2 protein chains.
Amino acid sequence: MKTLLLNKENVGSLISMKEVIGTVEQAYKAFSSGQVIQPAYTCLHFPPPRGEIDFKIGYCEANEIISMKTSSGGFPNNPTEHGVPSGMGTILLFDARTCALICVMDGSLVTGLRTGAAGAVSVKALARKDAKTIASIGTGNQARMQIRAIREVMTIDTIHAWSPHPQTLAQYKADIEREFGIPVVMARSKQDAVEQADILVTTTRGKGSLVEAAWVRPGTHIVAIGTDTQGKQELEPEIFRNAKIVNDSIAQCVEKGETWHPLHKNIISKHDIHAEIGEVLLGKKPGRESDDEITIFDSTGMAIQDNTTSHLIYRNAMASNTGTAFEFIQS
Amino acid sequence: MKTLLLNKENVGSLISMKEVIGTVEQAYKAFSSGQVIQPAYTCLHFPPPRGEIDFKIGYCEANEIISMKTSSGGFPNNPTEHGVPSGMGTILLFDARTCALICVMDGSLVTGLRTGAAGAVSVKALARKDAKTIASIGTGNQARMQIRAIREVMTIDTIHAWSPHPQTLAQYKADIEREFGIPVVMARSKQDAVEQADILVTTTRGKGSLVEAAWVRPGTHIVAIGTDTQGKQELEPEIFRNAKIVNDSIAQCVEKGETWHPLHKNIISKHDIHAEIGEVLLGKKPGRESDDEITIFDSTGMAIQDNTTSHLIYRNAMASNTGTAFEFIQS
């Protein structure tokens, strides 16, 4: 019985962002069709200077794949003291018809890719068709990934970026302009950036309410990425009051997404959540209905995104004869 | 960064039952010293003819290892239709100081070994020193594993075995006599077997109350292995009334072990549970105190047994240069 092993380099070479966007769309549709089992995930926390490791399991009826992604993060001393990255990941894929282990792949890249793709999927479904300006609050890896993905689904004219750290901001500008040829304006304030936005992307560590309701223009689409656990926040809850709210998973977002905050403050009730993104993609619920609406996509991240993305990587590897076969059980 | 890969053959050659017994003792002690994190495990069930797959995660402070064991079972058509076993397993080991993946090993053998060792650990701690006769209710793989383990900690004179299937019973007798040279008496009834026992081992699928209280002689030590989820049962709950009850994990046994049944029938209360096996091994609670006591060890199985057992396999592999190194992340 052969198991395919894929290292980080293999994984990086085996999939394009365009493909990830397609497979994340499939994931959302499967999720909102009840074809997915995603048990609550397990997280182990360690005292500083160590971080955490979590285990996310997902089963998708459509592809008959069970995935288990483990990812760690927040080990700042790893590079200097142990010569390994501060966060790592591994994905196991099982054929759900037999539960045979068909693939073990490095998981470092998949989370970033599928989270980037999530933003692009929401832009396709919810942003104005004439959107051309992006405000990026946050300038780290995921901020770059969002641009990498969104440029696959629209033409980006300008990015207005903001970071509390001038050096990080300058680096982001240099990287984006070099890699994608999209001009980046280094905003003097968050307000300056947000007020320019057709699409507002927030990818910070969620340390507080960063974006005020008064700054958000009618017609803006908001991609809220940073908040994926209780305690994180990026948006003033008031923004939700008259917005069209779309979640990746309502169950997850009301518990630990950006959507928790306006619920907790009674600015909205659960009934004010318009849809899950999968319902919009399936045509069960409308997407954007006017050029004036403010739409919010709250992405908390789901195991099923890892499932379909890593399964596509596996299929591409098999098709191109990439990777190393290993027999854990001799046949 | 190197990850060690160990196939099933490697795993089988890398550890002796004596070592597993030692490491399971360490696991129990660590557990009852509060040095262990064992989150609730995740199980996915599939409709027949498919079975289930579960994911058990454990962290042990003493060895700084995080383990994740996935094991599947109940896929009867796997061998004929797909050419793979009806149940399989995989274990990942992470260095908890960095969360680096240090080992991926086949997990087919570890559950059987550590469960066998559990029985032997309890025999050392709780059986009469002059015990020499075993009754085995159940004659499958785990029944054999119990004998393989218990013979490491005592001299077995005779085994009185019972199975509802005469052919299975005859095969068990032939196998045990050939492999270990221990005479096996094929009991005409469960009662016949149990009445002979110094040590009673139950390893059935837990389909009902199989052993009656009236059959159990004073001084018997009972190793209750078969019941590890709600709905399974092997012993008449009345047996617990005057017995010294020892659990692997009280939290687990009261919820899904054999201990659940007498609790549910109000034959005992939670206060009547004498100890966790780790507390006995640590000397915090007494083991057997007289030759007349009936002692019961209820084993539901814990992730931490997989953790210490697979970590020992890993260490033995590193020491003997066994296995295949693979770089999931190139350094």
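Residues numbered from 1 in each chain as written. Chains lettered and ligands numbered in written order. Predicted model: local features only at pLDDT ≥ 70, side-chain atom pairs only at ≥ 80, totals over all residues. Heavy atoms only, no water.

- If you look chain A up in an unreviewed UniProt entry, it shows as Ornithine cyclodeaminase/alanine dehydrogenase from Variovorax guangxiensis.
- Among the UniProt annotations of chain A, the heading Sequence similarities (unreviewed entry) holds the following wording: "Belongs to the ornithine cyclodeaminase/mu-crystallin family." (UniProt positions renumbered as here; feature names shortened; annotations may be inferred.)

### So, the relation of the copies chain A and chain B
Phase 1: Take chain A, turn it by 180°, move it 0.0 Å along the axis, and it overlays chain B with an RMSD of 0.0 Å. Here the transformation between the copies is reduced to the relation of a two-fold axis.
Phase 2: Same-surface contact between copies: 100% of interface residues of chain A are shared with the interface of chain B. (Least-squares fit on C-alpha atoms with pLDDT ≥ 70 in both. Contact = heavy atoms within 4.5 Å.)

### Here's the deal with the interface of chain A and chain B
Phase 1: Across the contact, 47 residues belong to chain A and 47 residues belong to chain B.
Phase 2: Taking both partners together, chain A and chain B bury about 3900 Å²; carbon and sulfur atoms supply 75% of that area.
Phase 3: Inspection of the chain A/chain B interface yields 2 salt bridges.
Phase 4: A salt bridge links A:E64 to B:R50; its shortest N-O distance comes to 3.1 Å.
Phase 5: For the interface between chain A and chain B, the tally reads 10 residue pairs in polar contact (both at pLDDT 80 or more).
Phase 6: Top contributing element to the side of chain A that touches chain B by residue count: strand β7 (residues 100-106) of chain A, with 5 residues. (Buried area = accessible area lost by both parts, 1.4 Å probe. Salt bridge = Lys/Arg side-chain N within 4 Å of Asp/Glu carboxyl O. Polar contact = N/O pair within 3.5 Å; in protein donor to acceptor, adjacent residues only side chain to side chain. Helix = DSSP H or I, 4+ residues; strand = E, 2+ residues; numbered from the N terminus.)

### What about helix α11 (residues 303-320) of chain B?
Since the α-helix packs 3.6 residues into each turn, any two residues three or four apart lie on the same face.
Residues and elements named next belong to chain B.
Phase 1: The end-to-end C-alpha separation of α11 is 26 Å, in line with the 26 Å expected for 18 residues at 1.5 Å each.
Phase 2: Burial within α11 is extensive, with 14 of its 18 residues counted as buried.
Phase 3: Phi for N321, located one or two positions after α11, is positive at around 60°. (Expected span 1.5 Å × (residues − 1). Buried < 20%, exposed > 50% of the residue type's maximum accessible area, 1.4 Å probe, protein only.)

### Quick look at the sheet that holds strand β11 (residues 199-202) of chain A
Residues and elements named next belong to chain A.
Phase 1: Sheet architecture is open: 8 strands sit in the order β10-β9-β8-β11-β13-β17-β15-β16, paired in parallel fashion. Edge positions in the sheet fall to β10 (184-186) and β16 (273-276), since each of these pairs with one other strand and no more. Strand-to-strand twist in this sheet, taken as the mean axis angle between neighbours without regard to direction, amounts to 20°.
Phase 2: Strand direction decides the pairing type here: strand β9 (residues 158-162) and β10, joined by 3 bridges, are parallel. Within the sheet, the bridge partner assigned to I159 lies in β10 and is V184.
Phase 3: Each of β11, β13 (221-224), β15 (244-247) and β17 (295-298) is contacted by helix α4 (residues 110-126), which is oriented at about 160° to β13, the strand it contacts most.
Phase 4: Across the sheet, helix α6 (residues 166-180) lies against β8 (133-137), β9 and β10, angled at about 170° from β10, the strand it touches most. (Pairing = 2+ DSSP bridges. Axes fitted to C-alpha atoms, helices over the stretch in contact; angles between N-to-C directions.)

### Examining the packing of aromatic side chains
Phase 1: A full pass over the atoms with the stated rule returns 8 aromatic pairs over all chains.
Phase 2: Seen from their ring centres, A:F55 and B:F94 are 6.2 Å apart, and the 80° between their planes marks the pair as edge-to-face. Here A:F55 is found in strand β4 (residues 52-60), whereas its partner B:F94 is found in strand β6 (residues 89-95) on a different chain.
Phase 3: Judged by its relative accessible area of 2%, A:F55 falls in the buried class.
Phase 4: Residue B:F94 is classed as buried on the basis of its relative accessible area, which comes to 2%.
Phase 5: Seen from their ring centres, B:Y28 and B:F297 are 6.2 Å apart, and the 80° between their planes marks the pair as edge-to-face. With B:Y28 in helix α2 (residues 17-32) and B:F297 in strand β17 (residues 295-298), this pair connects stretches of sequence that are 269 residues apart. In terms of burial, B:Y28 and B:F297 fall into one category: buried.
Phase 6: The side chain of A:K190 reaches across the aromatic face of A:W162, ending 5.4 Å from its centre. (Phe/Tyr/Trp six-rings, centres within 6.5 Å; stacked < 30°, edge-to-face > 60°. Lys NZ or Arg CZ within 6 Å of the ring centre and 35° of its normal.)

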